[in-house]
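As a plain string of letters, each chain reads:
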There are 4 protein chains.
Amino acid sequence: MHKTEFKVRDYECDMQGIVNNAVYFNYLEHARHEFLASRQIDFAALARAEVNLVVVRAELDYKASLTSGDQFYITTQYQPVSRLRFGFKQQVWRSRDQKLMLDAFITGTAVNASGKPFLPPELQLLLD
Amino acid sequence: MHKTEFKVRDYECDMQGIVNNAVYFNYLEHARHEFLASRQIDFAALARAEVNLVVVRAELDYKASLTSGDQFYITTQYQPVSRLRFGFKQQVWRSRDQKLMLDAFITGTAVNASGKPFLPPELQLLLD
Amino acid sequence: MHKTEFKVRDYECDMQGIVNNAVYFNYLEHARHEFLASRQIDFAALARAEVNLVVVRAELDYKASLTSGDQFYITTQYQPVSRLRFGFKQQVWRSRDQKLMLDAFITGTAVNASGKPFLPPELQLLLD
Amino acid sequence: MHKTEFKVRDYECDMQGIVNNAVYFNYLEHARHEFLASRQIDFAALARAEVNLVVVRAELDYKASLTSGDQFYITTQYQPVSRLRFGFKQQVWRSRDQKLMLDAFITGTAVNASGKPFLPPELQLLLD
């Protein structure tokens, strides 16, 4: 199970004093890219080669709110969706009490410079 | 139908040259707050009174990508979900060709300072 | 005098209930890109052509804080700095009372793909 | 010398493929709050008590650009400015070659709920 460690930064909190909803999306993206890197898939190098990994669907269930100073980690698991789509089950856990804060399922695909679906060989690694 | 106008700002684009996935979440939040303001519900005033409107579930279907300079608008429609939960159907439309870019359904609730569900009278306006 | 209109969005406010310091930087960048666009200089097209406009120095004086719902505008004036560097005097003004909120001077340059200073002909327009 | 470790996250990069200028401001804020925490000053607790630490002036010299995957650290040093203002000399260093990426000086003050300068006793720790 792939795991990425984080700590809330104060600028990520909004006027409610809690991490803003949109920021979880940033966290999840970073955890996915770390997961990909652990399988030798370099998101930035793909982007430079005009192979864009894009999100096609996101489902997020917010369970509880992270706040200033919280340490947490995100678990990322690959789940096949279809021949051209790949899924990631991701969960945000607060470290101090192992509380589940957010449960997400992100579906992605890869497109080439003209926006057509295109699965480069590197991404086959996801299926191994 | 409530409508909020936007224009992509370059800092919202990522290394793929398109608006980053997380930024749509910011756009949708702003459109919901504008929708609430149009019904005399002031998100910031509620937050100061320690009534926090929070998102409990988000479903986003990404159809196509906005890019530098694109003008677009978001439509927001209220949909009741349950006695304590309210829903917003939101869609992002590119202005120049009326193309649907993103389709979302956001479910929210209101909690008081101790995190308990609490629907202040102002929010009853949503149900009218 | 070039002028760009804005309205504070709630996600731009931090736990102090005011616009976060870093966000002014986003505002200023957007205003500069709008200024450039008004002179037919397209930041995104330049980036795609691997001519990168970059900031080399920023000086910001924060006078007062914008908050939820505030409408404001930014004035941007070009000021030559040197043969390879261009300057922008930028000011943030709150619309309702014409109060100066922030006073900034941003110095930029243009570099090519290998990071060398390179002033493309389009940018000569700045000097006219 | 206080030091905070970071790694660039892909969502922090803009269409030029480098960390966006505004993001350095986020990095510097986080490093200052970590510095304050190391001296038992809790930014979020002060904000809840309506003592707001605010930036009054920022000077940033951008030397080189961080990009996807870069590891870096920020050094933060306290420097007295006046009876009511405190300064932070902050530098961003790329870890792999100890290259200076950004040199900054941030001046801050503390204000109470009505916006008046107010230096709480905790902040005297800064002067020790």
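All figures in this text were calculated on a predicted structure; none of them were measured in a lab.

Cut-off values and rules
- Residues numbered from 1 in each chain as written.
- Chains lettered and ligands numbered in written order.
- Predicted model: local features only at pLDDT ≥ 70, side-chain atom pairs only at ≥ 80, totals over all residues.
- Helix = DSSP H or I, 4+ residues; strand = E, 2+ residues; numbered from the N terminus.
- Rg over C-alpha atoms; globule rule 2.2 N^0.38 Å.
- Buried ≥ 20, exposed ≤ 12 C-beta atoms within 10 Å, placed from the backbone.
- Contact = placed C-beta atoms within 7 Å.
- Nonpolar A, V, L, I, M, F, W, Y, C, P; charged D, E, K, R; others polar.
- Pairing = 2+ DSSP bridges.
- Axes fitted to C-alpha atoms, helices over the stretch in contact; angles between N-to-C directions.
- Parallel < 35°, antiparallel > 145°, perpendicular 65-115°, else oblique.
- Least-squares fit on C-alpha atoms with pLDDT ≥ 70 in both.
- pLDDT = per-residue confidence, 0-100.
- Expected span 1.5 Å × (residues − 1).

S.K.: Hey, could you run me through the overall build of chain A in this one?
M.R.: In terms of regular secondary structure, chain A is built from three helices and five strands. Taken from the N to the C terminus, the helices and strands of chain A come in the order β-α-α-β-β-β-β-α. Its C-alpha atoms give chain A a radius of gyration of 15 Å, near enough to 14 Å, the size a compact globule of 128 residues would have. Overall, chain A is about 40 × 25 × 25 Å in size when its C-alpha atoms are taken along their principal axes. Within the span of chain A, comprising 128 residues, buried residues form 38% of the whole. In chain A, the share of contacts with a sequence separation of at least 24, taken over all contacts with a separation of at least 6, comes to 62%.

S.K.: Just checking my understanding: could you explain the interface of chain A and chain B for this structure?
M.R.: Interface size is often expressed as the accessible area that is lost when the parts come together. Facing 19 residues of chain A, the contacting portion of chain B comprises 19 residues. If you list the elements that add at least two residues to the side of chain A that touches chain B, you get helix H1 (21-38), helix H2 (43-48) and strand E2 (52-62) of chain A. Among the elements that make up the side of chain A that touches chain B, the one with the highest residue count is E2(A) (10 residues). The residue makeup of the side of chain A that touches chain B, split by class, is 11 nonpolar, four polar and four charged. Note: E2(A) against strand E2 (residues 52-62) of chain B, five bridges, orientation antiparallel. Directly across from A:Asp61, in E2(B), lies its bridge partner B:Arg57.

S.K.: Help me out: how do you make sense of the sheet that holds strand E2 (residues 52-62) of chain C in this one?
M.R.: Through backbone hydrogen bonds, the strands of a sheet pair up, either in parallel or in antiparallel fashion. In spatial order, the strands read E1(C)-E3(C)-E4(C)-E5(C)-E2(C)-E2(D)-E5(D)-E4(D)-E3(D)-E1(D); together these 10 strands make up an open sheet with antiparallel pairing. Where the open sheet ends on each side, the last strands, each with one partner, are strand E1 (2-7) of chain C together with strand E1 (2-7) of chain D. Taken over all neighbouring pairs, the strand axes of this sheet differ in orientation by 25° on average, direction set aside.

S.K.: Can you help me understand the packing of helix H1 (residues 21-38) of chain C against helix H1 (residues 21-38) of chain D in this one?
M.R.: At a minimum axis separation of 8 Å, H1(C) and H1(D) run at an interaxial angle of 175°. Here H1(C) is positioned roughly antiparallel relative to H1(D), judged by the angle of their axes. Side by side, H1(C) and H1(D) meet where C:Asn21, C:Ala22, C:Phe25, C:Asn26 and C:Glu29 of the first sit next to D:Asn21, D:Ala22, D:Phe25, D:Asn26 and D:Glu29 of the second. Partitioning the contact of H1(C) with H1(D) into residue classes produces four nonpolar, four polar and two charged.

S.K.: Before we go on, may I ask you to explain the relation of the copies chain C and chain A in this structure?
M.R.: Copy one and copy two of the chain differ by a rotation about a common axis and a shift along it. Screw-axis analysis of chain C against chain A gives a translation of 0.0 Å along the axis, an RMSD of 0.0 Å, and a rotation angle of 180°. Overall, the copies show the geometry of a two-fold rotation axis. Both copies contact each other with a shared surface, as 100% of the interface residues of chain C are interface residues in chain A too.

S.K.: Even after reading the chapter, I still don't get the relation of the copies chain A and chain B, so can you show me in this structure?
M.R.: With an axial shift of 0.0 Å and an RMSD of 0.0 Å, the rotation relating chain A to chain B amounts to 180°. Interface overlap between copies: 100% of the residues of chain A at the interface are likewise at the interface in chain B, consistent with a symmetric, same-surface contact.

S.K.: Looking at this model, I keep getting lost on the interface of chain C and chain A. Mind explaining?
M.R.: Each side of the interface is counted separately: chain C has nine residues, and chain A has nine residues. Tallied by class, the residues present in the side of chain C that touches chain A amount to four nonpolar, three polar and two charged.

S.K.: Is there a simple way to think about the environment of B:Gly87 in this case?
M.R.: Residues and elements named next belong to chain B. Inspection of the secondary structure puts Gly87 in strand E4 (residues 86-94). Between the alpha carbons of Gly87 and Leu126 there is a distance of 9.9 Å; along the sequence they are 39 residues apart. Every residue in contact with Gly87, bar those within four places of it in the chain, is listed here: Gln79, Pro80, Val81, Phe105 and Thr107.

S.K.: Where do I start with the environment of A:Asn21 in this structure?
M.R.: Within the element layout of this structure, A:Asn21 appears in helix H1. In this view, A:Asn21 contacts A:Tyr62, B:Phe25, B:Glu29 and B:Val55; residues no more than four positions away in its chain are not counted.

S.K.: I keep staring at the confidence of the model for chain A and nothing clicks. Help me out?
M.R.: Detailed reading of the predicted coordinates is not advisable wherever pLDDT falls low. Residues and elements named next belong to chain A. With 98% of its residues at a pLDDT of at least 70, chain A reaches an overall mean of 93. At the low end of the mean pLDDT range in chain A sits helix H3 (residues 121-124), at 78; at the high end sits strand E1 (residues 2-7), at 98. Complex prediction metrics read pTM 0.95 and ipTM 0.93.

S.K.: Quick question: what am I supposed to make of H1(C) here?
M.R.: The periodicity of an α-helix, 3.6 residues per turn, causes residues three or four places apart in sequence to face the same way. Residues and elements named next belong to chain C. Over its 18 residues, H1 runs 27 Å from end to end, which matches the ideal 26 Å to within 8%, given 1.5 Å per residue. For H1, the tally of buried residues reaches 15 of 18 residues, placing the bulk of the element in the interior. Of the residues flanking the end of H1, it is Gln40, one or two places downstream, whose phi is positive at about 65°.

S.K.: Looking at this model, I keep getting lost on the sheet that holds strand E1 (residues 2-7) of chain B. Mind explaining?
M.R.: A sheet is described by the order of its strands in space; here 10 strands give the open sequence E1(A)-E3(A)-E4(A)-E5(A)-E2(A)-E2(B)-E5(B)-E4(B)-E3(B)-E1(B), paired in antiparallel fashion. Because the sheet does not close on itself, it has two edges, and the strands there are E1 of chain A together with E1 of chain B. Going across the sheet, the axis of each strand differs from the next one's by a mean of 25°, ignoring polarity. Where strand E4 (residues 86-94) of chain A and strand E5 (residues 99-111) of chain A come together, nine bridges link them in antiparallel fashion. Counted as the bridge partner of A:Trp93 is A:Leu100 from E5(A).

S.K.: What exactly am I supposed to notice about unusual backbone geometry here?
M.R.: Residues apart from glycine generally show negative phi values, whereas peptide bonds are mostly found in trans. Residues and elements named next belong to chain C. The phi dihedral of Gln98 falls on the positive side, at around 55°, and the residue is not glycine. Structurally, Gln98 can be placed in the loop between strand E4 (86-94) and strand E5 (99-111). Of the residues examined, Gln98 has 8 C-beta atoms within 10 Å and is grouped as exposed.

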